[in-house]
Structure formats: C-alpha cells, structure tokens
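In case you want the letters, here they are:
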Amino acid sequence: MDGPPGGTTPITPVIKAGWLDKNPPQGSYIYQKRWVRLDADHLRYFDSNKDAYSKRFISVACISRVAAIGDQKFEVITNNRTFAFRAENDVERKEWMQALQQAMAEQRARARLSSAYLLGVPGSEQPDRAGSLELRGFKNKLYVAVVGDKVQLYKNREEYQLGIGITFIDMSVGNVKEVDRRSFDLTTPYRIFSFSADSELEKEQWLEAMQGAIAEALSTSEVAERIWAAAPNRFCADCGAAQPDWASINLCVVICKRCAGEHRGLGAGISKVRSLKMDRKVWTETLIQLFLQLGNGAGNRFWAANVPPSEALQPSSSPSTRRCHLEAKYREGKYRRYHPLFGNQEELDKALCAAVTTTDLAETQALLGCGAGISCFSGDPEAPTPLALAEQAGQTLQMEFLRNNRTTEVPRLDSMKPLEKHYSVVLPTVSHSGFLYKTASAGKLLQDRRAREEFSRRWCVLSDGVLSYYENERAVSPNGEIRASEIVCLAVPPPDTHGFEHTFEVYTEGERLYLFGLESAEQAHEWVTCIAKAFVPPLAEDLLACDFERLGRLPYKAGLSLQRAQEGWFSLSGSELRAVFPEGPCEEPLQLRKLQELSIQGDSENQVLVLVERRRTLYIQGERRLDFMGWLGAIQKAAASLGDTLSEQQLGDSDIPVIVYRCVDYITQCGLTSEGIYRKCGQTSKTQRLLESLRQDARSVHLKEGEQHVDDVSSALKRFLRDLPDGLFTRAQRLAWLEASEIEDEEEKVSRYRELLVRLPPVNRATVKALISHLYCVQCFSDTNQMNVHNLAIVFGPTLFQTDGQDYKAGRVVEDLINHYVVVFSVDEEELRKQREEITAIVKMRVAGTASGTQHAGDFICTVYLEEKKAETEQHIKIPASMTAEELTLEILDRRNVGIREKDYWTCFEVNEREEAERPLHFAEKVLPILHGLGTDSHLVVKKHQAMEAMLLYLASRVGDTKHGMMKFREDRSLLGLGLPSGGFHDRYFILNSSCLRLYKEVRSHRPEKEWPVKSLKVYLGVKKKLRPPTCWGFTVVHETEKHEKQQWYLCCDTQMELREWFATFLFVQHDGLVWPSEPSRVSRAVPEVRLGSVSLIPLRGSENEMRRSVAAFTSDPLSLLRNV
C-alpha cells in the first residue's frame, strides 16, 4: 500500500515505497522490518504499510550522501546521524540508492533557485509557531512546529534544526478543540493527538496557529499562482519572505503571513488584509490585474523608497520589530517617496483628477499616499469625484484602486489633531486591579453558554492603557495583555448568560473576543466602567453617562457625508442606539423599535447594516467581522419586540404597534368586503404561526393576498389584543370605561370617553384610535360583509376588555366608540375625507378586478428604487390613496438624505422591463392606481429627469398648443408586452392638439386614419429592441378602450430634440399646461454629497453624439438612452 488508510493520496507524489530492514539506533545486529516511503521532500519509515503516521522522517535536504555497505545494505548519512537499511537483494538496493540520489539532486537544484536558507536547513519553510508541548503517550516533551498546512513533531529542538523528525500531520483532515485550561486535542480520522501547553496563553496561541494551518490546507493556490506571475510579488513586500500568500488590497502589496498579522494590527483604515488562498470572493479579475500592474514592485518604489539598510525587515525578524517597521512605513509614511506636489493640497487634488483618467496607476498611488483627497471635487458636475472621472474615462483598474482606498487614512509623520483618530487620542489614565475569571479567547461569537469550569481565576491589572492578566497576584510576568487602543467593543451580556452571574466581553482589532466573569454585580460594573473609560475618547464620553449593553467604535456613513466612511462611537442601551460622530455632538438616539427599515446589504465579505428612521438613514459597515456580527445581533434583538405589552412592541411613526397596523391594513385592503370578517375564525395552526412571526419581527412580515387568508389575519389580531397582559384599556382603567358606558346622556358619555382616552398611555391611546378607525371603515361596508356596528361590538368587546363575554358593557363601549368615532377621537374633515378616499379606491379596484393579487399588506407597501434597480437602493414605502408622485419622490429623497439643487428634476418613473420603456409620472398623478396596475415586469424608480429642463425651455418658447410632424409609426394590437407585432415602421404624419392625437397617411391627407383622445393615452419613452426601430429616439403610446382592451403604437423621431418636443407637448396638453410644480419646497433642502453609498446620484450615460451616429448602440442597450431623456 502507498498512502494513509482510507485511500487518501499524499499531496507530494511518492517516488519509491517498499519494505526494508532497518538497523536500530543502538547499532544492534537485529534488523527490524519497516515500510519505507520516499517522496521529493522526505524519507519516512513506518511500522506498517497501513499506518498513516511515520515513526521517523528525514528531510531529503539534510541528507549529505548515500553509501553502500556490504551485502544488500546501504546508509543514509546526515550531518550527525547515519541510518542503515537492508534490501532483499542488490538490485533493490541499487534502485533505492538511485532514487535517493536523484531526490537529493533535485532538492539541491530547487534550493539553488531559492535564496531562503532558514534555521540552518536549506529549503525549509519558517514555521508559523514552534515550541515544546507535552503529548500523551510520550515520556518527554516534544518539539512541535506548525509549518504551512502541516504540524510536525520532533524529539527535541536539535533534531528540528537537523530536519530529522517523528512524523507530520496533514491539517486538511485535522481539527482542533479545547479540552481544559492548558490542554487541547488535534483530531484526525486516524488518531487523536492530545497536547498540553505550559500556560493558558500558550494554549490559545497554539490553537490559533493550528486553526490557521487548517484554513491554509483547505485553501486554493489558483489566485496566488496568478499574482506570483509578477516577479516582485513572489517575495513579501515587507520582509522578503518567499511565496507570500497574503495581501493588503488597498496598499496593493503582497505580504507573508507574519507581516499580515502585523498589518491587521494597523487597522482597516491603514491596511485591508486578505488571503490569496482563502478569501476567494475578494479576488475578482480586476483586482488580480491591479496587483499584476502595481503589486510589490510599484508599492515598494513608493512606500519603501528610503528604507535604511539597518531598518529593513528580514524573514526572521521578531513580531515587535515588524510592528515598529510597519507602523513607520504605512501609518507614518516614513520611508515613502515624496511627490513633488507634497504639501500643496489643491495641486495634489488636481493631479489626482488628471491621473485617474490615464493608465498611470503608480502616479495615483503616489498622490493618494501623499495626501490627495480621494473624494475631492473635480470641477465637473457630470463627474464630480476622481472615481467618477475614472469611470467616465473607462479606467477600470483606477476605479478598483480608488474603491479599495475610500476609507484609507493618509500617512502622517506629524502629530495629528486630538480626537481625529482613535490611535492618536490621549486617553485619561485609568487604573484598576483585582481578580477576574477569564475563558480562553475566541475567534468567533460565543453562541453557547460557557460553564463555570471553563473560567480561570486571574489577577488582572488595568494601567497605562493596558489590561494585563496574571496567573496570580504574585506573578511577575503576565499571561497576556490587551491594549486599550486595540479594543473596538465592550459588551455586557444579560445576567446568568454564562457560568458566572455577571460577565462582560472585550473585542479587539485582531478579531479576538475575551470573556470575563464575576459574581459581584458591583465589581463587574466597576470593571466595565474602568475599561470603557480607558478606551473611549473624550469626544464620546457622553456615551458613558448611562449603562449600556454594548459600546464601541464602528465605520459608518450618515447625514450628508455618504461618500466616505468615517469612524463613530456607538452605545446600545435597551432599544436606543446612541451615536457620537467626529463632526458633531452626540446625535439624538435612534429608537430601534421605531425604525422604518432594518436591513443588511452587500455580500458576506462587505456587509452593511442599514437603519432608516424618519428622515434619517445610518449605514454601519462590517469591516471587522467579529464585533460587527455582535453589533448586528444585538441591534436586531433590540429592534424586535421585547415583551407582550403594547409599549414593548415594534412601533410605527404614530406609536401604533407594527403588528396591529400590519393586520389592520391587510384587512383594509383585502377583507373589507369579506362576509363575516372578524366573526369567522381562521385555521388555528395558521393563525398561531402567523402570530408567532409577527411577535418575533413584525417589521419583516409582509402579508400577501393568496398567502394568508383574511380570517387567519383577523384571528391573529384578535388573539394578540386578547392576550395583552395589561389589556388595551389597561387594568387600572378598565372598570372606568365599563362604568362610562352606563351613562344615559349621550353628550356626557362621549365627554367621559374623551377624558378616559387622554388618561391612557400614549401607545394604548394611539392603538385604540387606529383600531376604532379601522372598525368604522369595516362597518361602512356592512351591506356586503354583514358586520354592522353591533356585530363588531359583540366580537371586539370581550376581546378588548378580556371579559370572555361575561359583561355586556364591554360590547357597549366598543359600539359607542365606533358610533361616535369622529367626536371621541377629534377627527377633522380632512382626515375623514382622506380615509374615505382610500377605502373607496381600494374597494373600486377590487371590484374591477385590477388588484394584482400579490400586493403587500393594506398599507400598500410598494418597493421603490432610487436611481436604479438594485437591492441596496430599494425602499419599502406606504402608498395611501391620496399620495401623488411628487410626494412619493420627496419621501424617498428624504429617507436617503438626498438634497435637491435648483435644477434637479427628481421624478418617479414607471419602468416596464419587458417593453424596455419607462414613463415619468406627472407630479400630481396619484400613485395608488398605478401601483395596482403594475405587472410583474414593472417597478417604480425615483431618479433625475435629465430632459426636463430642455422640455420646459421648449414649452416656454413655442407658440400655440399644437405639435405636428412626420414620425415613423408601427402598430401593435395587443396587451402591453404580450401581443405579436404587426408590420414594420412606416412614415406617418401626426397632429397633436389639446383634445386628440391624429394620424394621417401623408402630409396632404385631409382625413385622419386614426384618432385618439389625448387624455386617455399613456406615453412611455423607449421602444423594445426586438422591433428593430429605425432610430434611437422612440416612444411607446398605450391606449385603453372602454372595454379595457389595450392598444399600443410605437413612434420614432429622427432626433433627440424632436422626441423631447413631442413628449413635452404630450405632457402639456394632458395636464392643462402644468408640466412641473412651481413650489419652492422642492429645492429648499440641503444638498449632500453627490453619491449615496456606492450608488451614483448622477446617472452614468453614454455619449449623446455616439448615440446619434449609431443605431447599433441603441439596439444593444436601449435603456441607456432613456436615462438621458
């Protein structure tokens, strides 16, 4: 056999294998039979050909020669040991000797190609960790080395240096786990290796090294091989170690594993470290090409241009030496090549704007490294930033480099302003000491409860910005330490989460989590306070004024600075998220249970948490995965319902629980005309599942007709109200409400109801009004649903007062509140009118059969996109019957903090993807009817109407209200997007006036071939490319007959200006001359940056001249034209 059990094939091919007799080390004449295997790197021998792990191995690089000695015997000679073997015959001996000599020759040839002679062993790889460990089954400690994807075992350090070991373990089949404070197991399918370290800290370091070996064993070298194709990338940019398999994607340098660890310590603002072998999703083709163009060659010509030989790193440099060198090299820019424009910010910015439009990546790197502003204004409104300029110029590599450096900090040798960055902040001196109970650090969130036995008692000292933990109070050297400057988050789990009553978690920049515990609440609080004071800068000290569950710093985007991520300080207390940003004072807390949106955007590598409150949006970025995932879980939990009472539910804008208005609005939309609504019960199992989903996270539940029956939803609402611990009318006031129902004088009774209503808690009061308003609407349709006021009172009286039908007065209260709804709740005429309009529109649409059947719950939640259809730009927004396109547009812009300049014509478009056409909605057009008519291939998007200014100028200068001229015409008698077209495009003469659109066969014709009433037409910009339109400038006209039959025509103009003139005239005559609103409110708000996250607020467009010259450009992407129109 030739391999481990189970059929595993060795990674290194076997040159020769077979049985040999081996002379034992004592030189006895008794030979022992051994299975011997030779590959390119090692000669190994085993007790059996079925064994996975050898008894001994000899590095081929250490063999000095092979010699024959007597009959069938030969010796393998190293620097200080000789191994004697005996073959069965001379022929086999010769084969073994030739195989060994050939392996030695090939090994030496490889060694000559490499300049690495480390640890005295030619060609050996420097270990990630090496040292002594106890191994169960061995009397003495063994010397263990973690090298690449293998763990090697040696008898002692001397044999390690000589390259003569016991065995090595391939970590592709390995797994490590903690056993107790100092012990851990390395488990493989063939054997369990039980190790013990000298201390808990050493055990943690060994675990981390072996987990890294597992990750490397499971990785792929495809990306690394491609990047190593550039010669400078074959050696670490910092220390020169061969075959570096890590990289800094913003600095664009390839580095070794040891330097990568120190790069991480610099923080993501300096260096974003990724693995060439493991982070496969990061390595796009563009990024690989960027490293081949820049990489270590250009990187070191800039960053290491002035490194003195005495300060240069070597592959064997210590961690502290590496740390100091890399701090000087990248954080301070000590060795960089200074650009001639260094110090002149304006000229640096201008030079950057010029460089990004060329292929000179090295110049861009030098300019950014010397202080050029990555988001500086270019002077061109169409391409206001360097990134937009690069995109306009088609420089994809420049774009990739700029994107990766969006949040990179500029190196500075001089001292920075206080509070500008966390590492430069002079924090107050905090000292504290005492015993804490500590578990081993972890590289992932603690999902399971840590038992008391897993904690170790440690003497801890917080002093001079360092938290050190010792074996005991008499120990001189600490087991480990945590620097306050490296702490990114401090979390306090609920009591009794782990084996100790009170615990707290410390997260560091190195993606490690430390768990500490105490029995005393006072002592735990004191430690938490001291650690918080040690790492939170004075800028954010207001966050320490109240207790918190989580405190730390995170990269964010908010307000009017959406281009570049900044670092802010956050604290989570209950359902409030407080924030302190560098540019201003402490923000108003975000009420997490009142968020309009809580979502995660981006892929698993670049996640962004989006929090949308009324007129405020916050983006929290996940650069450090460990603490980000902790924040994410904590915020999601805080934003969910905390209990069963009304005030603990997720709340909407009006303090109405989301669970209530989700159900009420769904029934308003889908169940107003359902017979027996609220009287009939839904299926118990479906009702229970729905209620559980709503209680868990009502904000994420979108009820859809066809998926939920109205009776299931109505039953869920009734059960929720009935199960409220304190009831809707509260236990304290319930009796007063029931007694008020017995007052005989109606005016006095209504007055008493109004008094009691004011006494209710705000959430209860808002909920009562919303519910009674809904029941008022339900009884308006009692002729259809058979639920008049009395019937509704019979159902809801016992439910709301929790009387189980035993007190008739409960029903009387509900009946009185519905009958006197307008007076009791002070509903004005305008509010009542809007309410009636909305429910009338709903019922009409359902009766007409125009409802889509998959519409979201009754608040008519519609997905609207900003600028383009992408997951990160979508907004879910309530569409009442009275909402106009202008109101919808402003609502979307307000949510995303997008300002409107004087000539920004933001408009809501209806986009039909199948027809490849879009229609800008008139600002006064009602959105709800459009929403109900949208097909599955259509959506709404808010973006700038690029042609509106030109259209308004045309309308202002023209004479008369008519338009006439020749256009290319094609007819399609079918449903929009479903029919088969008839014929091709033909020249026709058109006349458009205030009443109709007429089509004539030619200019001289006196009688029109067709005529349509102009106000019944819908005009869409664009013609689908499969019709092969003769020009780029077309639009689609849709007409719906009285029989609800849709007809459509396709019209093409010769120029873009003609298209704009025709479209402007259509708008003018259809809307009585009012094409655009004149109110100043649309331009009164502040103007933010010109980008929203990664989404450009100025649509990117092709060249207009090119579009005119080439119809082919249109046929390849017709919607690119529509973005101009």
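Residues numbered from 1 in each chain as written. Predicted model: local features only at pLDDT ≥ 70, side-chain atom pairs only at ≥ 80, totals over all residues. Heavy atoms only, no water.

Visitor: Mind laying out the overall build of the protein, listing which residues take part and the relevant values?
Guide: Counting its secondary structure elements, the protein contains 32 helices and 48 strands. A fraction of 60% describes how many contacts in the protein between residues 6 or more apart in sequence connect residues 24 or more apart. Total accessible area on the protein is roughly 49800 Å²; 48% of this is exposed by carbon and sulfur atoms. (Helix = DSSP H or I, 4+ residues; strand = E, 2+ residues; numbered from the N terminus. Contact = heavy atoms within 4.5 Å. Areas by Shrake-Rupley, 256 points an atom, 1.4 Å probe, with all protein chains shown as cover.)

Visitor: Describe the packing of aromatic side chains, with residues and values.
Guide: A full pass over the atoms with the stated rule returns 34 aromatic pairs. A ring pair is formed by F74 and F85, whose centres lie 5.7 Å apart and whose planes are at 25°; its orientation type is stacked. Of this pair, F74 sits in strand β6 (residues 73–77) while F85 sits in strand β7 (residues 82–86), and the two are eleven residues apart along the sequence. According to the relative accessible area criterion, F85 is buried, its value standing at 2%. Relative to Y160, the ring of Y154 lies with its centre 5.1 Å away and its plane at 75°, an arrangement referred to as edge-to-face. Neither Y154 nor Y160 differs from the other in exposure class; each is buried. An aromatic cluster of three or more residues is present, and its members are Y53, F184, Y190, F193 and F195. (Phe/Tyr/Trp six-rings, centres within 6.5 Å; stacked < 30°, edge-to-face > 60°. Buried < 20%, exposed > 50% of the residue type's maximum accessible area, 1.4 Å probe, protein only.)

Visitor: So what's going on with the sheet that holds strand β12 (residues 150–154)? Which residues, and what values?
Guide: Spatially, the seven strands line up as an open sheet ordered β14-β12-β11-β10-β17-β16-β15, and their pairing is antiparallel. Because the sheet does not close on itself, it has two edges, and the strands there are β14 (167–170) and β15 (175–178). Ignoring which end each strand starts from, the neighbouring axes of this sheet average 35° apart. Pairing analysis gives five bridges linking strand β16 (residues 183–187) to strand β17 (residues 192–196), with the strands arranged antiparallel. What sits directly across from F184, in β17, is F195. Across the face of the sheet, helix α3 (residues 200–217) comes into contact with β10 (129–135), β11 (142–147), β12, β15, β16 and β17 while running at roughly 160° to β15. (Pairing = 2+ DSSP bridges. Axes fitted to C-alpha atoms, helices over the stretch in contact; angles between N-to-C directions.)

Visitor: Explain the sheet that holds strand β19 (residues 253–255) residue by residue, including any values.
Guide: Picture the strands of a sheet paired through backbone hydrogen bonds; they go either parallel or antiparallel. On the basis of which strands lie adjacent, the open sheet formed by three strands has the order β19-β18-β20 and antiparallel pairing. The sheet terminates laterally at β19 and β20 (273–275), the two strands that pair on one side only. Averaged over all adjacent pairs, the angle separating strand axes in this sheet is 35°, with direction ignored. Strand direction decides the pairing type here: strand β18 (residues 246–248) and β20, joined by three bridges, are antiparallel. Paired with W246 across the bridge in β20 is S275.

Visitor: So, empty space enclosed by the protein: which residues are in play, and what are the values?
Guide: The gaps of empty space that remain are located by a probe, the size of a water molecule, rolled over the atoms. Under the counting rule described, the total for this entry stands at six cavities of 30 Å³ or more. By volume, the largest cavity is sized at about 120 Å³. Lining the largest cavity are 16 residues; nearest its centre among them are T907, L921, H922, F923 and W1076. Those elements that place two or more of their residues in the lining of the largest cavity are α26 (885–895) and β37 (906–912). Taken together, the residues that form the lining of the largest cavity break down as ten nonpolar, four polar and two charged. (1 Å grid on protein atoms, 1.4 Å probe; cavity = no way out; pocket = protein on both sides within 12 Å on 5 of 7 lines; lining within 4 Å. Points joined across faces, edges and corners; volume = space filled by probe spheres on them. Nonpolar A, V, L, I, M, F, W, Y, C, P; charged D, E, K, R; others polar.)

Visitor: Which residues make up the pattern of salt bridges, and what are the values?
Guide: As enumerated under the stated definition, the model contains 52 salt bridges in all. In this structure, R450 and E454 form a salt bridge, with 4.0 Å as the shortest nitrogen-oxygen distance. Residue R450 is classed as buried on the basis of its relative accessible area of 17%. The exposure class assigned to E454 is partly exposed, which follows from its relative accessible area of 39%. Where R474 meets E473, a salt bridge forms, and the shortest distance between an N and an O atom there is 3.9 Å. By sharing partners, the salt bridges in this structure join R181, E200, E204, K438, R458 and E471 into a single network. (Salt bridge = Lys/Arg side-chain N within 4 Å of Asp/Glu carboxyl O.)

Visitor: Outline a negative patch on the surface, listing residues and values.
Guide: Judged by side-chain charge, E744, D745, E747 and E748 come together as a negatively charged surface patch. Tracing the chain through its elements places E748 in helix α19 (residues 746–759). Residue classification places E748 among the partly exposed positions, given a relative accessible area of 47%. (Patch = residues over 30% accessible without salt bridge, like charges linked within 9 Å, V, L, I, M, F, W, Y side chains within 5 Å. Lys, Arg positive; Asp, Glu negative; His and termini not counted. Charge placed at Lys NZ, Arg CZ, Asp CG, Glu CD.)

Visitor: Summarise helix α14 (residues 625–639); cite the residues concerned and give the values.
Guide: With 15 residues, α14 extends 21 Å from end C-alpha to end C-alpha; this agrees with the ideal 21 Å at 1.5 Å per step. Buried within α14 we find L626, D627, F628, G630, W631, L632, A634, I635, A638 and A639. (Expected span 1.5 Å × (residues − 1).)

Visitor: Which residues make up unusual backbone geometry, and what values do they have?
Guide: Phi is positive for D496, which is not a glycine, with a value near 65°. In this fold, D496 is placed in the loop between β25 (487–491) and β26 (502–508). Residue class for D496 comes out partly exposed when judged on its relative accessible area of 42%. Positive phi values are uncommon outside glycine, yet E916 reaches one of about 55°.

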